[in-house]
Amino acid sequence: MNTNRIPHIVLAAALLLPVILAGCARSAPYPSQPLVLLCPWTAGGGTDRVARHVAVLLERELGVPVNVVNATGGAGVTGHTRGALARPNGYTLTLVTAELNMLHWRGLTNIAHSAYDPLMLINRDDAALFVRDDAPWASLNALQEAIGRAPRSLKASGTAYGGIWHVAFAGWLNAVGLSPGDVTWISINGAAPALQELMAGGLDAVCCSVPEAQALLEAGEIRCLGLMSEERLPAFPGIPTFRELGVDWAMGTWRGLMLPPGVPEPRRAVLLDAVRAVVESRDYQDFVAQAGFSPTALGPEAFAAFLAENDAQMGAILTSEAFKGVDTPPVGPMAFPYLAGALLTLNALALAFSGQLRRPADLEPMTRPGAARIALVIGVTLAYLLLAEGLGFVPAMGLAVCVLLWRFRVRWLVAAPVAALAVLAVYQVFAGYLGVPLPRGFWGG
Amino acid sequence: MGEALTQALMQTVASPRVWLVVFCASVYGTFVGAVPGLTATMAVALFIPIAYWLDPVAALAAVVTMESCAIFAGDIPSTLLRIPGTPASAAYADAAYQFTKRGQPHRALGVCLVFSVAGGLFGALVLIGLGHQLARVATLFSVTEYFWLYVLGLSCAVLVSRGSTLKATFALFLGLVLSTVGLSAAHAQARLTFGRPELFQGITFVPAMIGLFGFSEILRNMLTLDRERDAKSTPPKTRGALVGPALRLLGRRKLAFVRSGSIGALIGMLPGAGADIAAWVSFGASKRTGKPSADGDDHALSGIGDASTANSAALAGTWIPALVFGIPGDSITAIVIGVLLMKNVRPGPEIFEKQTALVYSIYLLFILANLVLIPVGLLAIKAGGAMVRVPRRILLPLILMFCIVGAYAVNGSYFDVAVMLATGILGFLLERREIPLGPVVLGIILGGPLEERFVQALSGSEGVLSALFGRPLAAALGVLCLALWAGLAAMKVRRNADSAP
């Protein structure tokens with residue numbers, strides 16, 4: 001029986017060998033493998049649109065695929081953290097946004113702009129203030145006076161609490177001598193739902209960028225009271241800036257490409273040239289103009305200077321007494337989790353007392369071989385987690401599938417080709433066609 | 001409207017890409033549905049990572065087709081082997097198997113196919129008829145009404161669940177607690193993250209679904225893996241007229257068909273209840289109303305037909321609350337909402353106004369999917385014997401591979417694979433105690449919006465709780481919710497009093 005099995009093992013090894021060799025021996029000049037462009041925000045949003053467009057153009061410049069990976073969540077913490085901690089081999093770029101200079105001031109992360117090597121600032125979008133078209137305030141000054149006359153009677157939104165548009169709005173109130181707490185900020189995630197609530201009468205003003213409000217603005221449903229920028233937008237010449245209206249306040253979001261610090265200088269230079277060519281290309285300029293984003297290009301030094309200045313400005317706002325005063329939402333962040341947790345605990349106790357946690361009679365019994373197989377599946381998954389990055393997807397997954405098939409007593413003659421074919425096909429589909437960065441392992445470089 | 005309809009036609013029927021997707025999805029859905037132990041929900045959960053790279057219409061085409069096909073295909077092993085391919089076929093597995101025992105599986109399978117297609121089309125009509133009407137009502141809703149609507153949806157999930165109410169509420173609260181992991185939407189403050197930045201975004205949806213519905217199924221199958229050989233008795237060949245007699249039966253039971261279709265669509269609309277419960281209820285109703293004096297075979301086939309109608313009609317029904325309010329009607333639409341959000345399509349009344357073409361496309365896709373089911377279903381019945389015998393010992397390792405790759409793919413993160421593993425073990429343990437997974441998923445999906453609306457409604461009123469009843473519509477919904485719970489509690493108390501001496 002055992003001697004009979006040996007040729008099968010040899011066969012399996014023979015089948016797996018070309019797989020392992022397939023990706024070997026590649027020491028071509030940089031860049032020789034796909035790049036990852038991390039986007040800290042969800043697919044379909046403004047930043048994602050910029051990222052995907054830049055990726056396509058970068059691909060053309062560099063000659064290798066550039067895959068956008070949406071590392072979303074945590075108000076941008078996840079993506080910004082991953083980008084800063086990525087391996088500095090020149091294969092990971094991050095499209096960083098204004099939140100980099102805000103999150104650390106709010107204590108959400110310790111990643112600040114110093115954790116990055118800035119490459120190029122590629123776009124800025126300034127905040128603007130919108131009210132319904134039938135609102136009683138014809139101008140910025142009228143709104144300001146109304147707020148001053150009756151503090152805490154108006155409601156505004158545009159993003160979640162502490163987001164860039166909230167900071168812009170609070171900074172405006174601060175700049176004109178009002179307290180940021182004089183207007184109740186309703187925490188609504190995103191400009192689109194906030195604008196909808198504005199139309200439904202739940203809000204009095206919305207602060208967001210002009211491209212985000214473009215549809216309602218052009219439909220005449222809302223009015224723009226002013227743009228928090230140094231100069232007017234070419235696409236919307238009718239909107240005055242705050243400065244023209246006598247308020248010394250400008251604030252907006254920005255997007256820039258950054259590297260984790262420590263990328264070898266030759267590789268960095270290649271990337272910088274490619275990014276510069278992209279930003280200056282006709283294609284990019286047309287894209288930003290059409291989407292209503294404002295194009296800006298600042299090289300590494302200017303970008304670094306901008307970052308330092310912007311960071312100090314954000315720090316001043318976010319740590320100011322005035323801004324802290326706003327932080328008194330009537331329902332705290334832990335209220336809901338405590339409520340749900342308490343209900344869960346009570347329910348678990350009720351279940352225990354009513355005896356319903358005992359094993360139901362008609363359930364599949366937990367046999368010893370069954371439990372062993374369950375442990376095996378969990379163990380194989382854990383082993384894959386540990387080994388995948390070092391070995392690479394194909395050998396690690398091939399091993400995992402083979403072990404399972406072997407333990408399930410599938411004959412080698414069936415198991416080996418099934419495992420080899422399935423793993424290779426999945427690799428081809430996911431890494432090849434879909435661009436998923438499956439680990440390439442020790443030959444990946 | 002004409003323009004949107006034309007665009008929808010262009011996007012669906014006239015698009016070769018959609019046809020390709022529909023074809024692949026029908027094969028995949030049929031296969032997963034026909035293999036006992038693999039469910040329609042699992043088919044959809046494993047598909048999300050791929051949906052991520054498709055455009056919204058193609059992704060939805062795939063989901064609609066694979067669920068329609070999987071729910072029918074589940075009837076094949078339940079007829080041939082008395083092992084339901086998906087939970088939706090469990091209600092009438094015994095009845096259908098009786099025909100196989102007598103060597104006439106074609107009679108039951110023909111009825112299953114014809115009534116599935118007809119039921120699916122009926123459900124699509126209900127969706128088309130009700131979708132826009134409900135959406136018009138929904139535009140009147142502000143954050144407060146939405147708060148109550150979410151509470152109502154969650155309560156329904158508890159009410160309709162089979163088995164112990166306490167276990168259903170436990171599942172619901174567990175889902176709600178899991179939904180609070182990460183930054184709170186309203187405050188942007190981290191909670192229950194244990195310092196892991198990956199958890200700031202909450203428990204990632206895709207790996208959690210793959211874990212709950214894919215990985216946990218693998219674990220469950222591990223217990224019965226060595227019994228595979230016994231069940232391997234060769235299923236009989238299916239020969240004989242499939243469609244003709246079934247169509248004649250349908251013609252004789254028009255009224256009953258409308259009844260089962262309506263039961264299916266209505267139960268589908270209730271959050272948390274899907275095809276499986278629809279089949280049970282419709283089968284029960286059919287048994288009660290049927291005339292036992294009639295021909296015994298005819299009576300049995302009627303029951304099978306009514307249940308098949310209901311479980312297929314329920315599929316479109318589950319999409320109604322999902323599209324109009326963003327409240328999933330079952331676990332599959334919960335995943336669909338996740339896919340839509342990933343595509344930056346936010347379900348709600350606005351999509352009926354702003355993305356009319358997408359909504360019409362969904363209507364068309366339901367009709368298309370059910371028409372595709374006719375040839376695919378006939379082929380599946382012919383190939384049925386071979387399909388239900390694919391050895392799980394080869395299939396399950398490959399499914400594990402898809403679980404791992406799928407969890408990893410969307411964010412390219414190993415942490416997500418760990419999330420998949422953890423939620424998979426959790427799902428397995430919950431099922432071992434017969435705690436339903438549906439309310440858990442509903443809690444995870446609706447927990448975030450529920451909390452957000454709650455905080456928003458209260459921050460407008462400076463925290464006064466009565467603001468939740470501030471608008472007439474909100475007050476009405478609120479009272480309805482409270483009445484629902486009071487009624488449930490009263491029923492429990494009375495039942496306890498009855499059982500006590």
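Rules of the game
- Residues numbered from 1 in each chain as written.
- Chains lettered and ligands numbered in written order.
- Predicted model: local features only at pLDDT ≥ 70, side-chain atom pairs only at ≥ 80, totals over all residues.
- Heavy atoms only, no water.
- Helix = DSSP H or I, 4+ residues; strand = E, 2+ residues; numbered from the N terminus.
- Buried < 20%, exposed > 50% of the residue type's maximum accessible area, 1.4 Å probe, protein only.
- Contact = heavy atoms within 4.5 Å.
- Areas by Shrake-Rupley, 256 points an atom, 1.4 Å probe, with all protein chains shown as cover.
- Buried area = accessible area lost by both parts, 1.4 Å probe.
- Salt bridge = Lys/Arg side-chain N within 4 Å of Asp/Glu carboxyl O.
- Polar contact = N/O pair within 3.5 Å; in protein donor to acceptor, adjacent residues only side chain to side chain.
- Nonpolar A, V, L, I, M, F, W, Y, C, P; charged D, E, K, R; others polar.
- pLDDT = per-residue confidence, 0-100.
- Phe/Tyr/Trp six-rings, centres within 6.5 Å; stacked < 30°, edge-to-face > 60°.
- Lys NZ or Arg CZ within 6 Å of the ring centre and 35° of its normal.
- Axes fitted to C-alpha atoms, helices over the stretch in contact; angles between N-to-C directions.
- Parallel < 35°, antiparallel > 145°, perpendicular 65-115°, else oblique.
- Left-handed = near helix turned anticlockwise from the far one by under 90°.
- Core = buried A, V, L, I, M, F, W, Y, C linked by side-chain atoms within 4.5 Å.
- Pairing = 2+ DSSP bridges.
- Expected span 1.5 Å × (residues − 1).
- Patch = residues over 30% accessible without salt bridge, like charges linked within 9 Å, V, L, I, M, F, W, Y side chains within 5 Å.

**Q** For this particular structure, what's the right way to read the overall build of chain B?
**A** Along the backbone of chain B there are 21 helices and two strands. Out of the 501 residues belonging to chain B, those deemed buried represent 64%. In chain B, the proportion of contacts linking residues at least 24 apart, taken out of those at least 6 apart, comes to 79%. Taken as a whole, chain B presents about 18,000 Å² of accessible surface, with 66% of it coming from carbon and sulfur.

**Q** What is the right way to read the overall build of chain A from this model?
**A** Helices and strands together make up the secondary structure of chain A, namely 16 helices and 10 strands. For chain A, with 445 residues in total, the buried portion stands at 53%. A fraction of 76% describes how many contacts in chain A between residues 6 or more apart in sequence connect residues 24 or more apart.

**Q** Would you mind going over the environment of Val64(B) with me for this structure?
**A** Relative to the helices and strands, Val64(B) resides in helix H4 (residues 56-73). Not counting chain neighbours up to four residues away, the residues in contact with Val64(B) comprise Trp319(B), Leu365(B), Phe366(B) and Ala369(B).

**Q** What's the story with the environment of Val27(B) in this structure? I'm lost.
**A** Positionally, Val27(B) belongs in helix H2 (residues 16-34). Sequence separation between Val27(B) and Gly377(B) is 350 residues; the distance between their C-alpha atoms is 9.6 Å.

**Q** Which parts of the structure should I look at to understand the interface of chain A and chain B?
**A** Much of the literature gives interface size as the accessible area that the parts lose upon coming together. With 89 residues of chain A in contact, the opposing surface of chain B contributes 76 residues. Taken together, the two surfaces of chain A and chain B that pack against each other cover about 7,200 Å², and 70% of this comes from carbon and sulfur. Between chain A and chain B we count zero salt bridges in total. In this assembly, chain A and chain B are joined by eight residue pairs in polar contact (both at pLDDT 80 or more). Contributions of two or more residues to the side of chain A that touches chain B are made by strand E2 (66-70), helix H3 (77-85), helix H7 (191-199), helix H13 (335-353), helix H14 (368-391), helix H15 (393-407) and helix H16 (412-433) of chain A. Looking at the side of chain A that touches chain B, the element that brings in the most residues is H14(A), giving 14 residues. For the side of chain A that touches chain B, a count of residues per class yields 56 nonpolar, 20 polar and 13 charged.

**Q** Help me understand the pattern of salt bridges, please; the structure alone is not making it clear to me.
**A** Opposite charge on two side chains permits pairing when their charged atoms draw close. All names here are of chain A. Tallying each qualifying case throughout the model produces 21 salt bridges over all chains. With a shortest N-O distance of 2.5 Å, Glu230 and Arg243 are connected by a salt bridge. Here Arg243 lies in the loop between strand E8 (222-227) and strand E9 (252-259) and Glu230 lies in the loop between E8 and E9, a separation of 13 residues in the sequence. Overall, the relative accessible area of 37% leaves Arg243 in the partly exposed class.

**Q** Please clarify how the side chain of Arg392(B) should be interpreted in this entry.
**A** Here Arg392(B) shows up in helix H18 (residues 392-409). Within the structure, the side chain of Arg392(B) is placed 2.7 Å from the side chain of Asn221(B), a separation counted as a polar contact.

**Q** Is there a simple way to think about the confidence of the model for chain A in this case?
**A** Interpretation of this model should avoid reading the predicted coordinates in detail wherever pLDDT is low. Residues and elements named next belong to chain A. The share of residues in chain A with pLDDT of 70 or more is 88%, and the mean pLDDT across the chain is 83. When pLDDT is averaged over each helix and strand of chain A, the minimum, 50, is found for helix H1 (residues 2-22) and the maximum, 94, for E8. Taken as a whole, residues 1-6 scores under 50 in pLDDT and shows one contact with residues more than four places along the chain or in a different chain. Considering only residues more than four positions removed or in separate chains, one finds that residues 20-27, a stretch of pLDDT under 50, has five contacts.

**Q** Can you walk me through the packing of aromatic side chains in this structure?
**A** Two descriptors summarise a pair of aromatic rings, namely the distance from one centre to the other and the angle between the planes of the rings. A full pass over the atoms with the stated rule returns 17 aromatic pairs over all chains. Geometrically, the ring pair formed by Phe122(B) and Phe257(B) is edge-to-face, given 5.7 Å between the ring centres and 75° between the ring planes. Here Phe257(B) lies in helix H12 (residues 254-269) and Phe122(B) lies in helix H7 (residues 105-138), a separation of 135 residues in the sequence. You can call Phe122(B) buried: its relative accessible area is 18%. Phe257(B) sits in the buried class, given a relative accessible area of 14%. When the centroid spacing of 5.1 Å and the interplanar angle of 70° are considered together, the rings of Phe147(B) and Trp148(B) count as edge-to-face. Owing to a relative accessible area of 9%, Phe147(B) belongs among the buried residues under this scheme. A relative accessible area of 7% means that Trp148(B) is categorised as buried. Taken together, the aromatic side chains of Phe169(A), Trp172(A), Trp185(A) and Phe242(A) make up a single cluster linked through ring pairs. Above the face of the Trp406(A) ring, Arg407(A) is positioned so that its terminal group lies 5.3 Å from the ring centre.

**Q** What should I look at first to understand the packing of H4(B) against helix H17 (residues 356-387) of chain B in this one?
**A** When two helices pack together, their arrangement is captured by the angle between the axes and the distance separating the axes. Residues and elements named next belong to chain B. Their axes nearest at 8 Å, the elements H4 and H17 cross at an angle of 40°. If you check the angle between H4 and H17, you find them oblique. Remark: the crossing between H4 and H17 carries right-handed chirality. Across the interface between the two elements, Pro56, Val57, Leu60, Ala61, Val64, Thr65, Glu67, Ser68, Cys69 and Phe72 of H4 pack against Leu358, Ser361, Ile362, Leu365, Phe366, Ala369, Asn370, Leu373, Gly377 and Ile381 of H17. In terms of residue class, the contact of H4 with H17 is built from 14 nonpolar, five polar and one charged.

**Q** Explain the nonpolar core here, please?
**A** Soluble, globular proteins show a tendency: their nonpolar side chains are buried together. In terms of nonpolar packing, the biggest core is built from 170 residues, with Phe393(A), Met397(A), Met209(B), Trp319(B), Phe366(B), Ile399(B) and Met401(B) touching the most fellow members. Residues contacting Met401(B), with those up to four places away along its chain left out, are Met397(A), Val401(A), Ala422(A), Val423(A) and Val426(A). If you look at the next biggest cluster of nonpolar residues, it comprises 65 residues, including Ala98(A), Ala156(A), Trp172(A) and Ala213(A).

**Q** Even after reading the chapter, I still don't get the pairing of E2(A), so can you show me in this structure?
**A** On a regular strand, each side chain points to the face opposite its neighbour's, so the side chains alternate between the two faces of the sheet. Residue and element names in this part refer to chain A. When you tally the buried positions in E2, you get five out of five residues, the bulk of the element. Here E2 shows two buried faces, one formed by Val66, Val68 and Asn70 and the other by Asn67 and Val69. Of the strand pairs in this sheet, strand E1 (residues 35-39) and E2 are connected by five bridges, and their pairing is parallel. Residue pairing across strands places Leu35 opposite Val66, the latter belonging to E2.

**Q** How should I be thinking about helix H2 (residues 46-62) of chain A in this particular structure?
**A** Residues spaced three or four apart along an α-helix point in a common direction, a consequence of the helix completing one turn every 3.6 residues. Residues and elements named next belong to chain A. For H2, built from 17 residues, the straight-helix expectation of 24 Å at 1.5 Å per residue is met to within 8% by its first-to-last C-alpha distance of 24 Å. All of the buried residues in H2 are Thr47, Asp48, Val50, Ala51, Val54, Ala55, Leu57, Leu58 and Leu62. Immediately downstream of H2, the backbone of Gly63 shows phi near 80°, a positive value.

**Q** Would you mind showing me how to read the packing of helix H6 (residues 93-101) of chain B against helix H14 (residues 296-325) of chain B here?
**A** All names here are of chain B. The interhelical angle for the contact between H6 and H14, taken along N-to-C directions, is 135°, at an axis separation of 9 Å. When the interaxial angle is binned, H6 and H14 end up oblique. By crossing handedness, the relation of H6 to H14 is classed as left-handed. When H6 is examined against H14, the residues Ala95, Ala96 and Phe99 are found in contact with a partner set consisting of Asp297, Ala300, Leu301 and Ile304.

**Q** Can you help me understand the environment of Leu38(B) in this one?
**A** Within the element layout of this structure, Leu38(B) appears in the loop between H2 and helix H3 (40-51). Between the C-alpha atoms of Leu38(B) and Pro84(B), which are 46 residues apart in sequence, the distance is 9.9 Å.

**Q** Would you explain a nonpolar patch on the surface in this entry?
**A** Residues and elements named next belong to chain B. There is a patch of nonpolar side chains on the surface, built from Leu5, Leu9, Val13 and Trp19 and spanning about 310 Å² of accessible area. Examined against the element boundaries, Trp19 turns out to sit in helix H2. The partly exposed category is assigned to Trp19, whose relative accessible area is 37%.

**Q** Please clarify how the pairing of strand E3 (residues 92-97) of chain A should be interpreted in this entry.
**A** All names here are of chain A. Within E3, six of the six residues are buried, leaving the element largely enclosed by the surrounding structure. Every second residue of E3 is oriented toward a common face, with Thr92, Thr94 and Val96 on one face and Leu93, Leu95 and Thr97 on the other, all of them buried. As judged from the three bridges shared by E1 and E3, these two strands associate in the parallel manner. Within the sheet, the bridge partner assigned to Leu38 lies in E3 and is Thr94. Pairing between E3 and E9: four bridges, direction antiparallel. Pairing of Val96 across the sheet is with Gly256, part of E9.

**Q** Sorry if this is basic, but what is going on with unusual backbone geometry here?
**A** Most peptide bonds take the trans form, and the phi angle of most residues other than glycine is negative. One non-glycine residue, Arg409(A), adopts positive backbone phi at about 65°. Within the element layout of this structure, Arg409(A) appears in the loop between H15 and H16. Backbone geometry places Glu434(B), a non-glycine residue, at a positive phi of 55°. Locating Glu434(B) in the fold gives a position in the loop between helix H19 (414-432) and helix H20 (438-460).

**Q** What am I meant to see in helix H13 (residues 275-289) of chain B here?
**A** Residue and element names in this part refer to chain B. For H13, built from 15 residues, the straight-helix expectation of 21 Å at 1.5 Å per residue is met to within 8% by its first-to-last C-alpha distance of 21 Å. Buried within H13 we find Ala275, Ile277, Ala278, Ala279, Ser282, Phe283, Ala285 and Ser286. Among the structural elements, H4, H6, helix H8 (143-160), H12 and H14 are those in contact with the buried residues of H13.

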